[in-house]
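Chain and residue survey
Chain by chain, the residues run as shown.
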Amino acid sequence: GSRLFYVTNVGVGEVDLADPAEPVEVRFASLVKEGDGSWSAADCYTGCEEGSLSSARMRPFDVGGGRAFIADGADLIVVSLLGDGFEVEGVLPMGAVIEALRYDRGLLFLNLADGAGVVLRSAPGESPYVFGTHGLHDWVEELASGYERVYRLRGNRIEIAEVVQP
């Protein structure tokens, strides 16, 4: 069936949408930052209230290549979605807050708060590494269009602009 991955202020989860009228939570893991700065995923289904992700705000994330890429401040957390549980594969400090990210065909595009556009290569079985830079900031911010409007996520808001034909 169809699967949906989601991120909360506590952790990451998966829902089975085979029957959209009756979605079923398959698994959930609390993401916990350890004292040494590393991250772990603690599988749980109830009472996951001890996650370490910073604040309850919406955070940038995307899914691709069997992984979830989750921004937490200036940290990029890479979580494996394969297998029965979630596993933190690693954390990549970016040096500036990650404002937006998008995964596309093995590349991860990041917009950083300092204005930089960073491209990471993310091949299965390898840790992501810096591959280059980009100038596609609106696309990374999930600029979308439809019904004569353009949409993009900004923090906890959705900005909507009407497209006017001259």
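Here's what I pulled together on the structure shown here. Predicted, not measured: the structure shown is a model, and the values here were computed from it.

Topic: the overall build of the protein
If you tally the helices and strands in the protein, you get 1 helix and 15 strands. Taken over 166 residues, the protein has a buried fraction of 39%. Sequence separation of 24 or more characterises 31% of the internal contacts of the protein that already satisfy a separation of 6 or more. With the model as given, the accessible surface of the protein reaches about 9,400 Å², and the carbon-plus-sulfur share is 52%.

Quick notes on the pattern of salt bridges
Pairs can form between side chains of opposite charge whenever their charged atoms are close. In this structure the tally under the stated criterion is 6 salt bridges. In this structure, the salt-bridge partner of Asp16 is Arg3, at a minimum N-O distance of 3.8 Å. Taken as a pair, Asp16 in strand β2 (residues 11–16) and Arg3 in strand β1 (residues 3–7) lie far apart in primary sequence, 13 residues in all. Overlapping salt bridges, with partners in common, bring together Arg3, Glu14, Asp16 and Arg27 in one network.

Things to note about the nonpolar core
Ile98, Leu101, Leu108 and Leu110 are the most contacted members of the largest nonpolar core, which has 14 residues in total. Those elements that provide at least two residues to this core are β6 (67–72), β7 (75–80), β9 (98–104), β10 (107–112) and β11 (117–121). Once you skip the residues sitting within four places of it in the chain, Ile98 turns out to touch Pro60, Ala71, Gly73, Ala74, Asp75, Leu76, Leu110, Asn111 and Leu112. Counting 13 residues, the second largest nonpolar core, distinct from the first, contains Val7, Val12, Ile70 and Val79.

Here's the deal with the sheet that holds β11
Spatially, the 4 strands line up as an open sheet ordered β9-β10-β11-β12, and their pairing is antiparallel. Whereas interior strands pair on both sides, the edge strands pair on one side only; in this sheet they are β9 and β12 (129–133). On average, adjacent strands in this sheet sit at an angle of 30 degrees to one another, irrespective of strand direction. Both β10 and β11 contribute to a ladder of 5 bridges, which runs antiparallel. Note on β11: the bridge partner recorded for Leu108 is Leu120.

Re the environment of Val118
Locating Val118 in the fold gives a position in strand β11. Residues Val118 and Met94 lie 24 residues apart in sequence; the distance between their C-alpha atoms is 9.1 Å.

Brief notes about the side chain of Asp62
The residue Asp62 is located in strand β5 (residues 61–64) in this model. Arg102 provides the closest opposite charge to the buried, unpaired Asp62, separated from it by 5.2 Å. A polar atom in the side chain of Asp62 sits 2.8 Å from the backbone nitrogen of Tyr103. What Asp62 contacts, discounting residues up to four positions off in sequence, is Arg67, Ala68, Phe69, Leu101, Arg102 and Tyr103.

Thresholds, definitions, all that
Residues numbered from 1 in each chain as written. Predicted model: local features only at pLDDT ≥ 70, side-chain atom pairs only at ≥ 80, totals over all residues. Heavy atoms only, no water. Helix = DSSP H or I, 4+ residues; strand = E, 2+ residues; numbered from the N terminus. Buried < 20%, exposed > 50% of the residue type's maximum accessible area, 1.4 Å probe, protein only. Contact = heavy atoms within 4.5 Å. Areas by Shrake-Rupley, 256 points an atom, 1.4 Å probe, with all protein chains shown as cover. Salt bridge = Lys/Arg side-chain N within 4 Å of Asp/Glu carboxyl O. Core = buried A, V, L, I, M, F, W, Y, C linked by side-chain atoms within 4.5 Å. Pairing = 2+ DSSP bridges. Axes fitted to C-alpha atoms, helices over the stretch in contact; angles between N-to-C directions. Lys, Arg positive; Asp, Glu negative; His and termini not counted. Polar contact = N/O pair within 3.5 Å; in protein donor to acceptor, adjacent residues only side chain to side chain.

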